[in-house]
Amino acid sequence: MATPILEVKDLQVHFPIRRGLLQRTVGHVKAVDGVSFTLNRGETLGLVGESGCGKTTAGRALLRLIPATGGTAAFDGQDIFSLAPEAMRTLRRRIQIIFQDPGGSLNPRMRVGNIIGEPLLVHGLATGDQLRSRVEELLVRCGLWKQAADRYPHEFSGGQRQRIGIARALALDPDLIVCDEPTSALDVSIQSQILNLLKDLQDERGLSYLFISHDMAVIHHICHRIAVMREGKIVEMGTRDEVIRSPKQAYTKELLDAVPEADPHRKRIAAPKADRPGGVHAAPASKA
């Protein structure tokens, strides 16, 4: 078997609870508590769960955007959490992120060309005409047009801004992209376009995705394997078909029941009420 590009073992992210005048630590919120998984080259692993389950925290900890409390994360054999700042800077060329809010993740005071080209400038990979050419190439590949480089983010729709975010993530030609709910702020029709773009880019470039979402329908469309998170832990993991067609946990069934049914005359088989965990509410069955 091929060596995984990412191997996470017992990842923990705990946030202190402070009280009193001296702000003493009286406890911890265990946002991520012992998460382990592997991600293979060219694969999409879906990290799915309700809001607040710790999936986004896990993704950002792997990028060292927030500190991990414990555990290890090896990217291509390198322990991410033990790397010195200069080594981590080099590694960031190979690991990128697409944020949930396409508007909030783009600097409104910068032109699109500067936003996409900034990573290339920071890492000294392109300047001048070469930089402009590379930016235009990325824009066109992500479904925009060359002249978009001269405009500001507010001049674009939500879907177009997310395409800009994808182009920025691709600028350094990474091997792994953490997709942090990249379609949750978009209309359904635009969601499918963005998902298809991500799949095409994966086929072309051999990208690996850690795809974070609360939407089982989106996860089913794009992921090869699925890890279900609840309260900071992975409670179920398997291939897409195993988890979607034969879920073992009642919590996973609740997430599946929450997916809207396209056919209003089709009854949904919901989990028994006694088995339903708190925090997720199944969509009611339609009347035939």
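Computed from a predicted structure; not experimentally measured. (Residues numbered from 1 in each chain as written. Predicted model: local features only at pLDDT ≥ 70, side-chain atom pairs only at ≥ 80, totals over all residues. Heavy atoms only, no water.)

1. Considerations on the layout of surface pockets
To find leftover empty space, one rolls a probe the size of a water molecule over the atoms.
Then, in step 1: Empty space within the second largest pocket amounts to approximately 330 Å³.
Then, in step 2: Lining the second largest pocket we find 15 residues, and of these R92, I95, Q96, I97 and P119 sit closest to its centre.
Then, in step 3: Of all the secondary structure elements, the ones that give two or more residues to the lining of the second largest pocket are β6 (95-98), α3 (112-122) and α5 (158-170).
Then, in step 4: Classifying every residue of the lining of the second largest pocket gives nine nonpolar, two polar and four charged. (1 Å grid on protein atoms, 1.4 Å probe; cavity = no way out; pocket = protein on both sides within 12 Å on 5 of 7 lines; lining within 4 Å. Points joined across faces, edges and corners; volume = space filled by probe spheres on them. Helix = DSSP H or I, 4+ residues; strand = E, 2+ residues; numbered from the N terminus. Nonpolar A, V, L, I, M, F, W, Y, C, P; charged D, E, K, R; others polar.)

2. Description of α3
Then, in step 1: If you check which residues of α3 are buried, you get V112, G113, I115, I116, G117, P119 and L120.
Then, in step 2: Contacts from the buried residues of α3 go to α4 (128-141) and α5.
Then, in step 3: With its phi angle positive at about 65°, G124 sits one or two positions after the end of α3. (Buried < 20%, exposed > 50% of the residue type's maximum accessible area, 1.4 Å probe, protein only. Contact = heavy atoms within 4.5 Å.)

3. Topic: the sheet that holds strand β3 (residues 44-48)
Then, in step 1: Pairing is mixed in the open sheet, where six strands are placed in the order β6-β7-β8-β3-β9-β10. Edge positions in the sheet fall to β6 and β10 (233-239), since each has one partner strand and no second. Put simply, the sheet's adjacent strands are angled 15° from each other on average, direction ignored.
Then, in step 2: Examined bridge by bridge, β3 and strand β9 (residues 225-230) share four bridges and lie parallel to one another. Counted as the bridge partner of V48 is V228 from β9.
Then, in step 3: Contacts from helix α1 (residues 55-62) reach β3, β7 (176-180), β8 (208-213) and β9 within the one sheet, and its direction differs from that of β8 by about 150°. (Pairing = 2+ DSSP bridges. Axes fitted to C-alpha atoms, helices over the stretch in contact; angles between N-to-C directions.)

4. Structural notes on the side chain of E181
Then, in step 1: Its place among the elements puts E181 in the loop between β7 and α6 (188-205).
Then, in step 2: On the basis of relative accessible area, E181 is assigned to the buried category, the value being 7%.
Then, in step 3: At a separation of 2.7 Å, a polar atom in the side chain of E181 contacts the side chain of H214.
Then, in step 4: Not counting residues within four places of it along the chain, the set of residues in contact with E181 comprises K55, Q100, I212, S213 and H214. (Polar contact = N/O pair within 3.5 Å; in protein donor to acceptor, adjacent residues only side chain to side chain.)

5. What about the nonpolar core?
Then, in step 1: One finds I166, F211 and M216 to be the most contacted residues of the largest nonpolar core, which totals 49 residues.
Then, in step 2: Excluding residues that lie within four positions of it along the chain, I166 makes contacts with I98, C142, I194, L197, L198 and L201.
Then, in step 3: Grouped together as the second largest cluster of nonpolar side chains are 30 residues, L6, V32, L63 and I212 included. (Core = buried A, V, L, I, M, F, W, Y, C linked by side-chain atoms within 4.5 Å.)

6. Things to note about the pairing of β6
Then, in step 1: Burial of β6 is two-sided: the residues I95 and I97 facing one way and the residues Q96 and I98 facing the other way are all buried.
Then, in step 2: As defined by bridge partners, β6 adjoins β7 across four bridges and the pair is classed as parallel. Pairing of I97 across the sheet is with V178, part of β7.

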